[in-house]
Amino acid sequence: MRKVVVILKSESENADNYGTLLEKHGYEPVFIPTLDFSFKNLDVLRDRLLSPYKYSGLIFTSPRSITAVRDALQGQKKLKDDWKTLENYSVGETSRELIQRTLDLDTKGHHSGNASNLADFIKTDLYNKTVTMPFLFPCGNLKQDVLQNKLSEYGYSLDSVEVYETVPHHDLERNLVALFKGEREEKSDRTIDSLLFFSPSGINYCAHVFEKHRIDLTGKRIIAIGPSTKKAIENKGITVHRTAEKPSPDYVVGALLQDT
């Protein structure tokens, strides 16, 4: 019987090689795209990007914000060089590499794993440094307030520009229903072992499908990526079996293997 791990994200986002590492440990990865994104306010963002002297730096907490900056530059291959002398931060090794590759910009804090930890890192990193300007923060419509609240507590401010909308993927419901229906078929040689949720919005959209089609998660291990996702899952009355503290394949596989 093959053990399926359902990865609730697009395979095209899989620069981290989740599938390869899961297969190495005997799991069959199945990717189900969960979210779609539409960009907006790129003209507003472009105006901000042309004025680095008004900021202390840039903060990125999602791949979409990186794409938004790239698109806002309208074909320019990189940011104005003045941004390179500022204090720039990101969450996740994949995001750090994407920023380097697409924007030619180095960022710090990528190891922090989530917005809350990043805020703590920024506080430590800026100790004894004079910072008076806000940080430019391109973000989505469903952003959490953790980063802004903690940085405000530490004496720093954000200029948040909402640059994308998050909506459920158009095939999410159909793909989830087909996956669970296939498992119930008598001749199926696959069993769904675990489901990996990467964001609060992801679990919110999936929970709607589970409730609508009465999909039973009994016996399935639920893995949350990060504390905010864990909280969102629990708010839906679903038990979280393990939490991967950082959005990387090693942490995710480590969480899965803890129970085996």
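Residues numbered from 1 in each chain as written. Predicted model: local features only at pLDDT ≥ 70, side-chain atom pairs only at ≥ 80, totals over all residues. Heavy atoms only, no water.

> Looking at this model, I keep getting lost on the overall build of the chain. Mind explaining?
Each helix and strand in the chain was counted, giving 10 helices and 10 strands. Expected size for 260 residues packed as a compact globule is a radius of gyration near 18 Å; at 20 Å, the chain falls within 12% of this value. Once the C-alpha set of the chain is aligned to its principal axes, its extents read approximately 65 × 35 × 30 Å. Looking at the chain alone, contacts between residues at least 24 apart form 70% of all its contacts between residues at least 6 apart. If you average the places of the 35 positive and of the 36 negative side-chain charges in the chain, the two averages end up 0 Å apart. (Helix = DSSP H or I, 4+ residues; strand = E, 2+ residues; numbered from the N terminus. Rg over C-alpha atoms; globule rule 2.2 N^0.38 Å. Contact = heavy atoms within 4.5 Å. Lys, Arg positive; Asp, Glu negative; His and termini not counted. Charge placed at Lys NZ, Arg CZ, Asp CG, Glu CD.)

> Got a minute to help me understand the packing of aromatic side chains in this structure?
The geometry of an aromatic ring pair is captured by the separation of the ring centres together with the interplanar angle, meaning the angle of the planes. Inspection of the entire model under this criterion finds seven aromatic pairs. For the pair F37 and Y164, a centre-to-centre distance of 5.6 Å together with 85° between the ring planes defines the contact as edge-to-face. Separated by 127 residues along the polypeptide, F37 in strand 3 (residues 35-39) and Y164 in strand 7 (residues 158-168) bring together distant segments of the chain. Of the residues examined, Y164 reaches a relative accessible area of 7% and is grouped as buried. Centroid distance F39 to Y164: 6.3 Å. Interplanar angle 65°. Geometry classified as edge-to-face. Highlighted residues: F39 in strand 3 and Y164 in strand 7, separated in sequence by 125 residues. On the basis of relative accessibility, which here comes to 34%, the residue F39 falls in the partly exposed class. A connected cluster of aromatic rings, assembled from ring pairs, spans F37, F39 and Y164. Directly above the ring of F198 sits K9, whose terminal nitrogen or CZ lies 4.8 Å from the centroid. (Phe/Tyr/Trp six-rings, centres within 6.5 Å; stacked < 30°, edge-to-face > 60°. Buried < 20%, exposed > 50% of the residue type's maximum accessible area, 1.4 Å probe, protein only. Lys NZ or Arg CZ within 6 Å of the ring centre and 35° of its normal.)

> What is the right way to look at the layout of surface pockets in this model?
Empty space among the atoms becomes apparent when a probe as large as a water molecule is rolled across them. The volume enclosed by the second largest pocket comes to roughly 160 Å³. Every residue lining the second largest pocket is listed: A207, F210, E211, L217, G219, K220, I222, K236, G237, I238, T239 and H241. The greatest single-element share of the lining of the second largest pocket, amounting to three residues, is contributed by helix 8 (residues 200-212). Each residue belonging to the lining of the second largest pocket can be placed in one class, and the counts come to five nonpolar, four polar and three charged. (1 Å grid on protein atoms, 1.4 Å probe; cavity = no way out; pocket = protein on both sides within 12 Å on 5 of 7 lines; lining within 4 Å. Points joined across faces, edges and corners; volume = space filled by probe spheres on them. Nonpolar A, V, L, I, M, F, W, Y, C, P; charged D, E, K, R; others polar.)

> In this structure, what is going on with the nonpolar core? I would like to understand it.
Counting 24 residues, the largest nonpolar core has L176, L195, F197 and F210 as its most contacted members. Setting aside residues no more than four positions away along its own chain, F210 makes contact with L176, F180, L195, F197, I215 and L217. (Core = buried A, V, L, I, M, F, W, Y, C linked by side-chain atoms within 4.5 Å.)

> When you look at empty space enclosed by the protein in this model, what are you seeing that I'm missing?
In total, this model carries one cavity of 30 Å³ or more according to the counting rule given. What lines the largest cavity is simply L49, L50, L73, Q76, L79 and K80. Its residues assigned to classes, the lining of the largest cavity comprises four nonpolar, one polar and one charged.

> For this particular structure, what's the right way to read helix 4 (residues 93-103)?
Turn by turn, an α-helix covers 3.6 residues, leaving residues three or four places apart pointing in a common direction. Regarding helix 4, the residues found buried are S95, R96, I99 and L103. Projection of helix 4 onto a plane perpendicular to its axis shows the buried side chains occupying an angular sector of 105°, all on one side. Here the buried face of helix 4 lies against strand 4 (57-60), helix 3 (63-72) and strand 5 (89-90). Looking one or two residues beyond helix 4, the residue adopting positive phi is D104, at roughly 55°. (Arc of directions from axis to C-beta.)

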